[in-house]
2 protein chains.
Amino acid sequence: MGRLDFSRRNLLGGIAAAGALAATGGLTGTASASTTGRLPSTVDVVVVGGGISGLVAARRIAAAGPSVLVLEARDRVGGRTLNHTLANGSVVESGGAFVGPTQDRVLALLAELRIQTFKEYAQGDNVYVANGLPPQRYTGTIPPDPTILPDAAVLQTRIDQMSQQVPVDAPWTAANAADWDATSLHDWIKSTTVNPNTAKLIESYLQPLLGADARDVSLLFFLWYIATEGDERNPGTFERSAGTSDGAQDSRIVGGSQLISIRMAQQLGDAVALNAPVRKISQNGSTVTVTSDRGVVTASKVIVAVPPPLVVGIDWDPLLPPKRLQLLERMPMGALMKVDAVYDTPFWRAAGLSGMAVSDTAPVRVCFDNCPPDASVGVLMAFIGGATWADWGNRPLAERRAGVLRQFAQFFGPQALNAIDYVEHDWTHERWSLGGPVAGMGTGTMLRYGSTIRQPFGLVHWAGTETSTYWSGYMDGAVRAGERAAAEVLG
Amino acid sequence: MGRLDFSRRNLLGGIAAAGALAATGGLTGTASASTTGRLPSTVDVVVVGGGISGLVAARRIAAAGPSVLVLEARDRVGGRTLNHTLANGSVVESGGAFVGPTQDRVLALLAELRIQTFKEYAQGDNVYVANGLPPQRYTGTIPPDPTILPDAAVLQTRIDQMSQQVPVDAPWTAANAADWDATSLHDWIKSTTVNPNTAKLIESYLQPLLGADARDVSLLFFLWYIATEGDERNPGTFERSAGTSDGAQDSRIVGGSQLISIRMAQQLGDAVALNAPVRKISQNGSTVTVTSDRGVVTASKVIVAVPPPLVVGIDWDPLLPPKRLQLLERMPMGALMKVDAVYDTPFWRAAGLSGMAVSDTAPVRVCFDNCPPDASVGVLMAFIGGATWADWGNRPLAERRAGVLRQFAQFFGPQALNAIDYVEHDWTHERWSLGGPVAGMGTGTMLRYGSTIRQPFGLVHWAGTETSTYWSGYMDGAVRAGERAAAEVLG
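Quantities reported herein were computed from a predicted structural model and do not represent experimental measurements.

Focus on helix H12 (residues 322-329) of chain A
Then, number 1: Among the eight residues that make up H12(A), seven are buried, leaving the element largely enclosed by the rest of the structure.
Then, number 2: Those residues of H12(A) that fall on the buried side of the exposure criterion are Pro322(A), Arg324(A), Leu325(A), Gln326(A), Leu327(A), Leu328(A) and Glu329(A).
Then, number 3: Buried residues along H12(A) sit against helix H11 (308-313), helix H16 (445-449) and strand E19 (460-462) of chain A together with helix H11 (308-313), helix H12 (322-329) and helix H14 (386-392) of chain B.

The following block contains the structure:
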């Protein structure tokens, strides 16, 4: 245990090439990740998981000198980010997509990788449909519904105030942690609001945010989640969490967010092994042995950067520390799918609409303009998450498609029925994610078991967006977690 | 899919032997389970998991004719039951131990296997220690604490009334399911009681019951759990759940509860394969292929009888139905350990004490007389679960031992310090249980995802105590679930 054995540095042929490049500041290779063939038997650091977090960690480690090998279960990198190429060649995202202010680490990475961003389209009016009334135009984050506005104002104020009492790196130490972790977010909202429709509307925000509903998470977890949506100088706020311009949905990525991982993997070359699901991790105090479908690799350190339920599924020898195991058993992935309807043009823009809509009716509780940066086609994107997913995510595709287009038409006019393409991606179907966008915590979990979230286990360190103290659940959190894990391993 | 192909019946040599015996009513073999060597490549039914539930299912199937193979990951059968032999040869349980009225299926199985039961010692007084006051003697289920008695009476009445509104086979259809599943049990207790100490005392009951605290489970899950603690004619009640005589802790098993599984495995002979963890389950519509560390077996049907988090860890092809996967991700195992202190004699009995005690102080929130039937030695047993486990389960053994004995001495006198042996078993350390005694559900889970709990997945059927509609979490529930799964496969 302790420091890496740097004596083996660069002795590993192709695997070390990325490290050698990195050491000279030349991490600009275009080699491909390996997809078949035997893996090296020894490497300094194995990274489990080729999403953003794992690749960031690997890149940092390679740049510092040690040899590294990323083992990715899928035949692609990117984890919960996934590009989809439309018929006209434009790229949209089937997974994580948005970046915004205070997400400094992912923004820095984008700059470093020379990937551009563009503003999420937010001109014109949003649309609000609720209480059986006709669609109503509005601007800003909170729909101007006179029946819920007083509640919403109180909720927003209290969420912001209370979340600032939750330390992002130790939410279980908040003065009210025991009370806040005993209560579901649903019960707290119910006790804080007057109009029951307020609680209903909030699901339109929570379902995309967490792939879950207010009843599924504890108040403490939610307050922590809000607290993390900022940085050291700018405390997280509900406004930033829910907002488009200047909020968490401020900007998108030219070429699609998966490009972040693709670029990093290109630089790492054959230090990234695809089709290599990890089945077993054994450690003996001085080395750690990782068994994957493509072979067994022994390392000095391992970084695990995969969703919590997948960590439980690895055969650990010795077993994970029981308290951490209990934590991970209590971190289910959210239930979320993303659907895109494609049109010849973004016709709603011409009508002075942003493409953003909020509704109290399933299947589309919230949608966004998801056009490519040149708007060469029009794309409307809806999240179907949590309770809405449990219902509509399990209906036949044709029925769901019809339901989605019917609501798009309600929001933006009958042209929305004339989609030229319809694309959907359900993250609960992903073997190597088991859901999305993030793992949540119900009542009792964070208070009792949360403190183990980043505790190294012998030679094993933890990355993945769930382990970040800022923007957990976002690409920025993935970057931060990867950087921290790399620093632990290198330090 | 559909009915078994009985044409292969009894063509499988040793594997079919148990079936042949069974068919003639002769399931009395004493052959041993296999521990090494290749498995047959084909069998009618594979059962994953050699706990009570899996073995019951296998025995039923073998008795009906089809060949069966039980794949057990451990080098022993019994799952969450585990015998421990004391220095004098007496057997006590490190896992599930108690049986009681309305647990008809496990009682019938015991009779069939010619295993005797004996009454849990319940003569004399129980001991109650709370609020910093000296120990107080009492009888019955609820300590006679005047500060909590009014609360306890209200709680008990309401728990019983409300639980009777929860259908044991479909709790998500209860009229108040949405409300009850949005609320943590903790918040409901808080809103239903006057004295905060009532909620504290209830943890002494919940921590052994669930390996969890009131904040960890939803009100709906808890009401369902109570509802299941009965049978078709006798609705579950809090009294039966918490009670010793005539309750869930009424009786114990001569020879230890693991004997149930050992006897069944003896009858099944080499139709039980130990050291055979299952890694992958693939199905194609007509056959299902199970990959274990001891080989690959193809079958017509599979019954999976392992704890929910272990189901998630199997590599499923195709992936589990997403809604079921979401359910299983939300069913963490409880955190529970059992500790036994052994004495030359059950000295407390002579003092007119039952050996049962309840305390508001950790580590011993509740303890029982755990003497062997002949009382050849004295044994006191304590449960350390939930929040108490999160603290004391993670301290050094010596510190925990001292804390346990100190409390035993407080309850039963200074002789309790003179233990001749001290044994503990922590179920969170068990690779093939991942906790104990049962998987719980936090807010949101049962309402949204619970309906998938027993839904077959193609050729795969589900057993395990968590899938039972009566006595889920108990040995009786394991028997019922195994019987139901066998009936599904045979039907």
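So, the domain arrangement of chain A
Residue and element names in this part refer to chain A.
Then, number 1: When its domains are assigned, chain A resolves into domain 1 (8-78 + 257-320 + 457-490), domain 2 (118-141 + 248-253 + 334-432) and domain 3 (150-242).
Then, number 2: Centre-to-centre separation of domain 1 and domain 3, based on C-alpha positions: 33 Å.
Then, number 3: Taken together, the nine residues of domain 1 in the interface contact 13 residues of domain 3.
Then, number 4: Together, the buried faces of domain 1 and domain 3 total about 860 Å²; carbon and sulfur atoms form 56% of this surface.
Then, number 5: Three residues stand out in domain 1 for area buried against domain 3, namely Thr 469, Tyr 470 and Trp 471, and they jointly supply 62% of the buried area on that side.
Then, number 6: Counting across the interface, domain 1 meets domain 3 through zero salt bridges.
Then, number 7: Taken together, the links from domain 1 to domain 3 amount to four residue pairs in polar contact (both at pLDDT 80 or more).
Then, number 8: Among the residues forming the side of domain 1 that touches domain 3, the class breakdown is three nonpolar, four polar and two charged.

Focus on the interface of chain B and chain A
Then, number 1: Between chain B and chain A, the contact holds 47 residues from the first and 47 residues from the second.
Then, number 2: Buried surface at the junction of chain B and chain A, summed over both partners, amounts to about 3700 Å²; 48% is from carbon and sulfur atoms.
Then, number 3: When the buried area of chain B at its contact with chain A is split by residue, Arg215(B), Glu329(B) and Arg448(B) rank highest and sum to 18% of it.
Then, number 4: Counting the contacts that link chain B with chain A gives six salt bridges.
Then, number 5: Among the ionic pairs, Arg431(A) bridges to Asp315(B), the shortest N-O distance being 2.6 Å.
Then, number 6: The interface formed by chain B and chain A includes 18 residue pairs in polar contact (both at pLDDT 80 or more).
Then, number 7: For the side of chain B that touches chain A, the secondary-structure elements that each account for two or more residues are helix H5 (177-182), helix H6 (185-192), H11, strand E14 (315-317), H12, H14 and helix H16 (445-449) of chain B.
Then, number 8: At five residues, the largest contribution of residues to the side of chain B that touches chain A is made by H12(B).
Then, number 9: In the side of chain B that touches chain A, the residues fall into 19 nonpolar, 13 polar and 15 charged.

How each quantity is defined
Residues numbered from 1 in each chain as written. Chains lettered and ligands numbered in written order. Predicted model: local features only at pLDDT ≥ 70, side-chain atom pairs only at ≥ 80, totals over all residues. Heavy atoms only, no water. Buried < 20%, exposed > 50% of the residue type's maximum accessible area, 1.4 Å probe, protein only. Helix = DSSP H or I, 4+ residues; strand = E, 2+ residues; numbered from the N terminus. Contact = heavy atoms within 4.5 Å. Domains from an automatic or database assignment. Buried area = accessible area lost by both parts, 1.4 Å probe. Salt bridge = Lys/Arg side-chain N within 4 Å of Asp/Glu carboxyl O. Polar contact = N/O pair within 3.5 Å; in protein donor to acceptor, adjacent residues only side chain to side chain. Nonpolar A, V, L, I, M, F, W, Y, C, P; charged D, E, K, R; others polar.

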